[in-house]
Amino acid sequence: MVVGILAFQGDVAEHRSILTQLELSARDVRTLHELAEVTHLIIPGGESTVIGLHMKFTGLDTRITERVREGSLFVLGTCAGLILLARLGLLHATVERNAYGSQIDSFDAAINVRGIDAQMYAAFIRAPKISHVDGSVEILAECDGIPVVVREGNILASTCHPELRGESLLHEMFLGLR
Amino acid sequence: MIPATYSSLGRDLAAMLKGGVIMDVVSAEQAKLAETAGASAVMALERVPADIRRDGGVARMSDPSLIKEIQASVTIPVMAKIRIGHTTEARILEALKVDFIDESEVLTPADPFDHVDKTKFAIPFVCGARNLGEALRRIQEGAAMIRTKGEAGTGNVIEAVRHLKEIQRDIASLKLMTESERRDRAVMYRVPAELVEQVCTLGRLPVVTFVAGGIATPADAALLMQLGAEGVFVGSGIFKSESPARTAAAIVLATTHFEDSMKLAEVSTNLPKPMQGLEIAALETRLQERGW
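Only a predicted model underlies this, so the values are computations on that prediction, with no experimental measurement involved. (Residues numbered from 1 in each chain as written. Chains lettered and ligands numbered in written order. Predicted model: local features only at pLDDT ≥ 70, side-chain atom pairs only at ≥ 80, totals over all residues. Heavy atoms only, no water.)

### Brief notes about the sheet that holds strand S3 (residues 78–83) of chain B
Residue and element names in this part refer to chain B. Within the open sheet, the 8 strands sit side by side as S7-S6-S5-S4-S3-S2-S1-S8. Their pairing is parallel. Two strands in the sheet have a free side with no partner beyond their single neighbour: strand S7 (208–210) and strand S8 (232–234). For this sheet the average axis-to-axis angle between neighbouring strands, irrespective of direction, equals 30 degrees. For strand S1 (residues 21–25) and S8, the ladder comprises 3 bridges, and the chain directions are parallel. Within S8, the residue paired with Met 23 across the bridge is Val 234. Seen against the sheet, helix H5 (residues 87–95) touches S3, strand S4 (100–104) and strand S5 (125–129) and runs at an angle of roughly 160 degrees to S3. (Pairing = 2+ DSSP bridges. Helix = DSSP H or I, 4+ residues; strand = E, 2+ residues; numbered from the N terminus. Axes fitted to C-alpha atoms, helices over the stretch in contact; angles between N-to-C directions. Contact = heavy atoms within 4.5 Å.)

The following block contains the structure:
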């Protein structure tokens with residue numbers, strides 16, 4: 001297993017620090033060559049418009065899609081990462097950006113994740129809302145009746161940021177995907 | 001739900017901006033151009049710093065109608081500026097639900113004694129600083145993010161480099177001090193000793209640190225990223241260049257690929273003319289000296 005973080009923009013360092021807690025190192029991924037060397041990729045939070053542009057410029061969008069479809073890449077996306085996975089057609093969900101409002105509506109929540117006997121603290125920062133999921137998507141956690149952590153095959157994604165609260169549960173689930 | 005403090009949520013939004021470029025815009029049209037070029041946020045204002053410098057007069061918070069138009073035109077965070085110490089302008093921006101307030105030396109200061117008490121607000125603030133003392137006073141007042149002041153509206157990067165290095169040198173010097181010397185330093189900075197200890201342990205500021213003031217080319221942005229900045233504000237540098245769309249896109253690429261010289265050479269090639277730029281020694285007004 002080789003873990004990489006898509007390091008164009010956003011909270012790359014916060015994801016790295018969670019992996020460090022788990023005694024794992026992570027590579028920065030900014031090129032096709034660097035992508036070829038990883039089996040697990042984290043698409044961090046940030047601005048989906050910005051990260052999306054960089055993915056397009058570098059051709060990483062196409063290659064990530066191919067590798068997830070051929071089953072050679074696992075991907076974890078938080079917030080902007082989830083939006084991008086849905087946009088690439090890898091996560092069959094309808095996502096509304098900034099659906100909770102502007103920064104003044106950002107909030108913290110404790111989430112119960114299915115199959116895990118503990119609460120996970122996470123920050124929702126100008127967060128997106130999942131308004132619909134296809135049957136192929138498994139909802140792993142909800143907050144106020146809205147899906148916030150979902151899985152589809154090799155993809156794990158959340159609309160919130162456990163990495164900002166020092167929580168490693170989501171990352172442990174990701175590294176355990178088979 | 002667990003009670004979140006606004007201060008932690010503000011720092012969280014700052015974390016989301018890292019590695020990005022925040023661009024000054026004066027219209028909805030410019031905001032869209034900035035978003036399309038890859039800005040991670042826009043700063044809504046009536047005049048870019050170069051024009052404020054040229055026109056003179058008192059520079060104030062923008063008209064809410066302009067801010068609302070810009071908010072309606074983009075999905076990325078919208079920031080707006082208030083005058084130093086102008087708590088009421090800050091309340092107005094909070095009511096408008098801007099995502100971040102910049103208490104900025106680019107506008108004419110409103111309070112000769114105090115900066116805004118930023119702990120009393122539900123939205124985060126970014127503030128300028130030239131050195132560690134200024135940065136820590138702003139953080140103590142509740143700033144969720146710091147940017148170097150640089151010298152806005154000049155297209156001259158030297159002051160941004162100076163201020164980033166001053167902060168880094170001040171932090172490095174803390175490591176060489178005894179605890180009692182650091183307590184003296186905290187008194188000198190007018191901040192609690194605990195904050196100085198925290199900075200010494202972290203080896204950096206406890207909030208996201210961007211650079212601003214005089215960045216005009218992709219190479220300028222990459223230089224500051226190489227020096228340790230976590231992102232870049234570009235004010236006049238984009239819309240005072242010959243082709244704002246191309247300049248903006250090139251600065252975005254350079255900020256992300258700051259370690260890749262080949263890429264930097266590529267994005268710097270055949271660029272439209274950057275803003276002309278001013279010599280610091282020839283300036284009548286140094287905006288960086290506003291605030292304390």
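Read on, since the account is not over.
### Section: the side chain of Glu 47 of chain A
Structurally, Glu 47 of chain A is set in the loop between strand S3 (40–43) and helix H3 (48–58). Not counting residues up to four positions away in its chain, the partners in contact with Glu 47 of chain A are Gln 9, Ala 80, Arg 97 and Arg 126 of chain A together with Met 16, Ser 40, Thr 75, Ile 76 and Pro 77 of chain B.

### So, the environment of Gln 9 of chain A
Assignment of secondary structure puts Gln 9 of chain A in the loop between strand S1 (3–6) and helix H1 (12–21). Note: C-alpha distance between Gln 9 of chain A and Ile 83 of chain A (74 residues apart in sequence) is 15 Å. Reaching out from Gln 9 of chain A, the side chain makes a polar contact with the backbone oxygen of Leu 17 of chain B at a distance of 3.3 Å. A distance of 3.1 Å separates a polar atom in the side chain of Gln 9 of chain A from the backbone oxygen of Lys 18 of chain B. (Polar contact = N/O pair within 3.5 Å; in protein donor to acceptor, adjacent residues only side chain to side chain.)

### Observations concerning the pattern of salt bridges
All told, the structure shown has 31 salt bridges over all chains when counted by the stated rule. A salt bridge links Glu 70 of chain A to Arg 63 of chain A; the shortest N-O distance between them is 3.8 Å. For Lys 81 of chain B, the salt bridge goes to Asp 102 of chain B, with nearest N and O atoms at 2.9 Å. A residue pair is termed long-range when its members are at least 10 positions apart, and Lys 81 of chain B in strand S3 and Asp 102 of chain B in strand S4 qualify at 21 residues. Owing to a relative accessible area of 7%, Lys 81 of chain B belongs among the buried residues under this scheme. Residue class for Asp 102 of chain B comes out buried when judged on its relative accessible area of 1%. What you see here is one network of salt bridges that share partners, running through Arg 47, Asp 51, Arg 54, Asp 55 and Lys 240 of chain B. (Salt bridge = Lys/Arg side-chain N within 4 Å of Asp/Glu carboxyl O. Buried < 20%, exposed > 50% of the residue type's maximum accessible area, 1.4 Å probe, protein only.)

### Things to note about H1 of chain A
What H1 of chain A keeps buried is the set Val 12, Glu 14, His 15, Ile 18 and Leu 19 of chain A. After H1 of chain A finishes, the residue Glu 23 of chain A shows a positive phi value of roughly 60 degrees.

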